[in-house]
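One-letter residues, chain by chain:
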Amino acid sequence: MSRAAQRSGAAPSKRAQEDGDMCPVCKSARYLNPDMRFLVNPECYHKMCESCVDRRFSQGPAACPIAGCKRTLRKARFRTQTFEDIKVEREVDIRREVASVFNREEDDFETLQNYNDYLEQVENVTWNLINDIDVEDTRRKMDAYKEENRRQITRNQSNAAQEAISRKAREEEDHELTRLRRADARREDELERQEKSDARKGIINKLATTKGDAASIAREGRRAELKKSSAQRVALDKKRDGDVFSSGTENGDASSAFLFKGLKKRVAPPPEKPYDPYGGWSAEKEYFSQQDFYDWDYLSNARTDPRYSAGGYDINDYCARALCDAFSGFGVFIQDEVSGRDLGSTPSMATTAAAAVGGERVDAKMDDVF
Amino acid sequence: MALSPIDSPKPVPAAAKALPAKAKALTILNASTSSPSNASTPSSEGPQDLSEQLNEQVRRNYVTGSRLGEGTYAIVYSGHLRHDPTSLVAIKKLKVNKDYLDGLAPDAFREVRALQELSHPNIIKLYAVFSTRDQNLNIVLEHLPRGDIEGLMQNKSVSYGPADVKAWANMLAKAVWFCHENSILHRDIKGNNLLIAADGEVKLADFGLARTFSDPYRPMTYNVITRFYRPPELLYGARYYGGAVDVWSMGCVIAELVLRHFFLVSNTDIEQIDAITDVFGSCTEDVWPGVSRLDHYIPPAKDNIKRPKPMIYWKQHFGMLGDDGIEYLKSMFVLDPRKRATARQVLDHPYWTNNPKPTPKELLPQAAGGVEKMAEDLKRRGGEIEEGDGRADKVARKLNFADLKR
Ligand SMILES: Nc1ncnc2c1ncn2[C@@H]1O[C@H](COP(=O)(O)OP(=O)(O)O)[C@@H](O)[C@H]1O
Ligand SMILES: [Mg+2]
Ligand SMILES: [Zn+2]
Ligand SMILES: [Zn+2]
C-alpha cells in the first residue's frame, strides 16, 4: 500500500488489521498515528498498542483485554516484538529463559559426548515448554535445578556477560539471533506439517481403539502429536522415573531434577593479577642499598636549615644520585671482575663508598653541564 | 661527563624494553647508522664524542617534512629516514638564539642530556642529534602524532570517563617517577608537554627545563614551570627544592583532566599564590614549618587566614575520581613540599588497583586526529597568549643558566 493510498483510505480496513497496522484493542490504525508502537507481553503474546498498555496497566496488573484471554498482565513486562511471527517470538523467549538457567559451557564437561548429552536434555526441557508438554512438571524441575545450581549459574552468566563486552561476541550474538530466527521459521513449517499428519493418524487410532467423545480425544491427540517420539524422549522419561536421577555422583551435577554426567570438577581460576601501577618496572637498586641517614657534617645544614629544607630540597635524593653515579662507575668496570660477590648485600660498603665519593666532591670531577 | 646510573629503574623481566643501563652508560647518543624504524632503540652502536655527533652523516640520514608544532625555543617538524619514508620521526629544530651563537643553547643541551638518561615507555625517545650549517641544533625524537593531553582535555567532542583519566594519570605518574628515580627533575610538566603516541601511550616530552637533582647548597632557579602548574615553594622563591615541584604539576594535570579546564588559574605570580591558597588554605608556619624563611614569602594578613576547601568541594568537583582518587589527588597538593607525596608514593596509592581499572591504552578515547587536528592545535596555541609569562622562563632560562653551570 503506497503512502498516498494510505492517506486517502477512509476507515481502517480489515486489511490493515491483518497487516498488523491496527491495534486490536482500540482499533486505531498506524497510518493515522505513525508513531504508534505495538507491544506484547510474554504472558500471552497478545499484541496491543503502547497507549492501550499505558491506559490499562498503569494502575497495576490487569487482565488482558483480548477476548478469551484473561491472563493477568503487568505493565513492566510489555515490550516490543522482535520477530514478525508471535510464535517465533514466544519460542525465542522460552529458549532464552531455558538457556539462562542451563548455561553450562563445553568447558564444564570432561568429554564432548558428555556435553552433547547435556545439550540434549536441555533441548528436551525447551521442547516441553515450547509445546506445552508437562509444563508444570518441567517448570518445577527447572526451578529446582536453578535453585540448587544458583552459584554455578551466576558464574557462567558473568562469564557470558564478560564475553558479551567484546565487540566480537556481540557480533556473534547477532549472527546467532539471525540463525535462530531462520531455524525457528523452518521448524515452524515442519511442525505444522507434522502436526497435521500425525494428528490425523493419532486421532484415527484413538477413535478406533477407545471409547469417549471424539472432541476430547481429538484435543488429547493434538497434544500428543507435538511430543517428540524419539529416543531422547524415552531417556527423559526414564530419568523422570528416578533411576538415573538418584543423587549426584562425584563429578555429576547434584540435582534432584537433572543429572549431567561428566561435569568437570571446578577448580577456582587463579585470581586475576592486580593492576601494576609501575607497569612492570622496578627501581630496586642492584648495586647498593641506601640508608635513611648518613652522618656527614657536610649535609647537616641542608637537612636542618629551613632555608634549604623548606622548599622541599631532600638530601636523600642527593645521596641517591651520588650513590647511583658512583656505583654506575663501579658497575660497569668492576662488576664482571668481582663475579660472585654480591655488592648489593653489603650496605656498609655502599655507605663508605658514598662517603668517599662525597668527600672528594664527586661533582667537581664530573663535567655536568647542568 | 657523568655516567648514566647503572641502577636506574629497569623492567623487571629483563626485557629489551630499555637499553640496558650498562650499554647506555657506554654509549653516546648517535651512531651513524641510527634508525628509528628497525629498532626501538635505534642508536646504540659505536660510541662517539658529543662533539662528533653533530655531524653531516647523521644530518643526512634524515629528511625534514612538514611542521608539527612550535614551542618557545623550537619548531618541530615531522621527518623520516632518508632511506625509509615510512619511518616517521619528529625533528625539533632549535630557534636561533642570538645569545648562544657560538655555543650550544642550554635548553637543547638539557633536553639531550636528560633524554639520553631516560628510556621508558612514557618518556619521549631521543634518536639522534645533529647540527645544521647555521649552527642550529636539531633533535630527532620519536614521532607522537596524536596531539597532547591539554588538547584532549579541552576538546569537548572527546568524551572520557574515570577509567580513562586513571589510565592517562598513571602514564604521567610513571613518567614522573622514572625521571625522579633517575635523579632528573622535569620542571615543565603540563598538559601540552604530554604528547600522545599513535598507540595511545602518553609520553612526557619537552625536557628543555630539565636538570638533575642539585647538590646540597647549590641554588637552582625558581623561575621554572608554567605558572598554572607551579607549586607554592617556587612562587615563594625557593632555590633549593626537589621532586615535589613536579608532583604538584602532575596533580594540576590530573585535576584539569577531571575538570576539563585549567585548575589553578591566575594572571600573575602573586595571584597564583591566591589561586592556590583559595583552595588549599593559607601558607603559614603551622602547616608549613620554615615557609617564612623563603625569599619571596608574604605572610597572610592576620585577619585573612584562609582555610582549605572542605571535603564537599572535592566531592563536587572531583567526584569522578572516587574517594580514593580524591585522597591521592590531594596528596599531590600538600602545601609543604616535604609532606607532599613523592612520585613513588603516588604510584603506591591503592587508587590504581581499585576499581575501575585503567582503560587499556589502545581503547582510550582520542581526538579526531590527523591534519585537521594538527591545524586546530596550532590555532589553539596561537590564541592562547599568556602575556609574557606563558612560558615564564623564556627569559629566566637564559638568566639562570649561569647559576646552573658549574
Ligand atoms: N615528537 C613529537 N611529535 C609530534 N609533535 C611534536 C613532537 N614534539 C613536539 N611536537 C609539537 O611541537 C610542539 C612544541 O614542542 P616542545 O617540545 O614542547 O617545544 P618547546 O620546548 O619549545 O615548548 C608541541 O606542543 C607539539 O605540538
Ligand atoms: Mg612545550
Ligand atoms: Zn490500542
Ligand atoms: Zn492476552
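As the structure is a computational prediction, the values presented were derived from the model and not from experiment.

**Student:** Report on the overall build of chain A, specifying residues and quantitative values.
**Tutor:** Assigned secondary structure in chain A consists of 15 helices and 6 strands. Buried residues in chain A amount to 35% of all 370 residues. As displayed, chain A has an accessible area near 22800 Å², and 51% of this comes from carbon and sulfur atoms.

**Student:** Outline the coordination of the zinc ion (ligand 3), supporting the account with residue identities and numerical values.
**Tutor:** Residue and element names in this part refer to chain A. For the zinc ion (ligand 3), the full set of protein donor atoms is Cys23 (SG), Cys26 (SG), Cys49 (SG) and Cys52 (SG), at a range of 2.1 to 2.4 Å. Around the zinc ion (ligand 3), the 4 donor atoms are arranged such that angles at the metal cover 105 to 117 degrees; this shape is classified as tetrahedral. All donor residues of the zinc ion (ligand 3) come from one chain, and their arrangement in sequence is C-x2-C-x22-C-x2-C. Remark: Cys49 occurs in strand S2 (residues 48–49) and Cys23 occurs in the loop between helix H2 (14–18) and strand S1 (38–40); sequence separation between them is 26 residues. Taken as a pair, Cys23 and Cys49 share a single burial class, namely buried.

**Student:** With reference to specific residues and values, describe helix H4 (residues 86–101) of chain A.
**Tutor:** The end-to-end C-alpha distance of H4(A) is 23 Å, a good match for the 22 Å that 16 residues give at a rise of 1.5 Å each. Listing the buried residues of H4(A) in full gives Val88(A), Glu89(A), Glu91(A), Val92(A), Asp93(A), Ile94(A), Arg95(A), Val98(A) and Val101(A).

**Student:** Pulling in residues and values, what's your account of the pattern of salt bridges?
**Tutor:** Residue and element names in this part refer to chain A. Summed over the entire model, instances satisfying the criterion amount to 31 salt bridges over all chains. Arg90 serves as the salt-bridge partner of Asp132, at 3.3 Å between the closest nitrogen and oxygen. One end of the pair, Asp132, is in the loop between helix H5 (112–130) and helix H6 (135–148); the other, Arg90, is in helix H4, and 42 residues separate them in sequence. Take Asp132: its relative accessible area is 41%, and that puts it in the partly exposed class. Each of the salt bridges in this network shares a partner with another, and the network as a whole consists of Arg79, Glu89, Asp93 and Arg96.

**Student:** Let's hear about the site of ligand 1: which residues, and what values?
**Tutor:** All names here are of chain B. By nearness alone, 20 residues border ligand 1, and Gly71, Thr72, Lys92, Glu142 and Asp206 come closest of all. A distance of 3.1 Å separates an oxygen atom of ligand 1 from a polar side-chain atom of Asn193. The separation between an oxygen atom of ligand 1 and a polar side-chain atom of Asp206 is 2.6 Å. Considered on its own, ligand 1 offers 550 Å² of accessible surface; in the complex 94% of this is hidden by protein. Counting residues per element, the ones that place at least two in the shell around ligand 1 are strand S2 (62–70), strand S3 (74–81) and strand S4 (84–94). It is S2 that contributes the most residues to the shell around ligand 1, 3 residues altogether. Its residues placed into classes, the shell around ligand 1 shows 8 nonpolar, 6 polar and 6 charged.

Parameters and conventions
Residues numbered from 1 in each chain as written. Chains lettered and ligands numbered in written order. Predicted model: local features only at pLDDT ≥ 70, side-chain atom pairs only at ≥ 80, totals over all residues. Heavy atoms only, no water. Helix = DSSP H or I, 4+ residues; strand = E, 2+ residues; numbered from the N terminus. Buried < 20%, exposed > 50% of the residue type's maximum accessible area, 1.4 Å probe, protein only. Areas by Shrake-Rupley, 256 points an atom, 1.4 Å probe, with all protein chains shown as cover. Donors = N, O, S within 2.8 Å, 3.2 Å for Na, K, Ca; no water. Tetrahedral: all angles 85-135°; square planar, octahedral: opposite > 155°, others 65-115°. Expected span 1.5 Å × (residues − 1). Salt bridge = Lys/Arg side-chain N within 4 Å of Asp/Glu carboxyl O. Near = heavy atom within 4 Å. Polar contact = N/O pair within 3.5 Å; in protein donor to acceptor, adjacent residues only side chain to side chain. Nonpolar A, V, L, I, M, F, W, Y, C, P; charged D, E, K, R; others polar.

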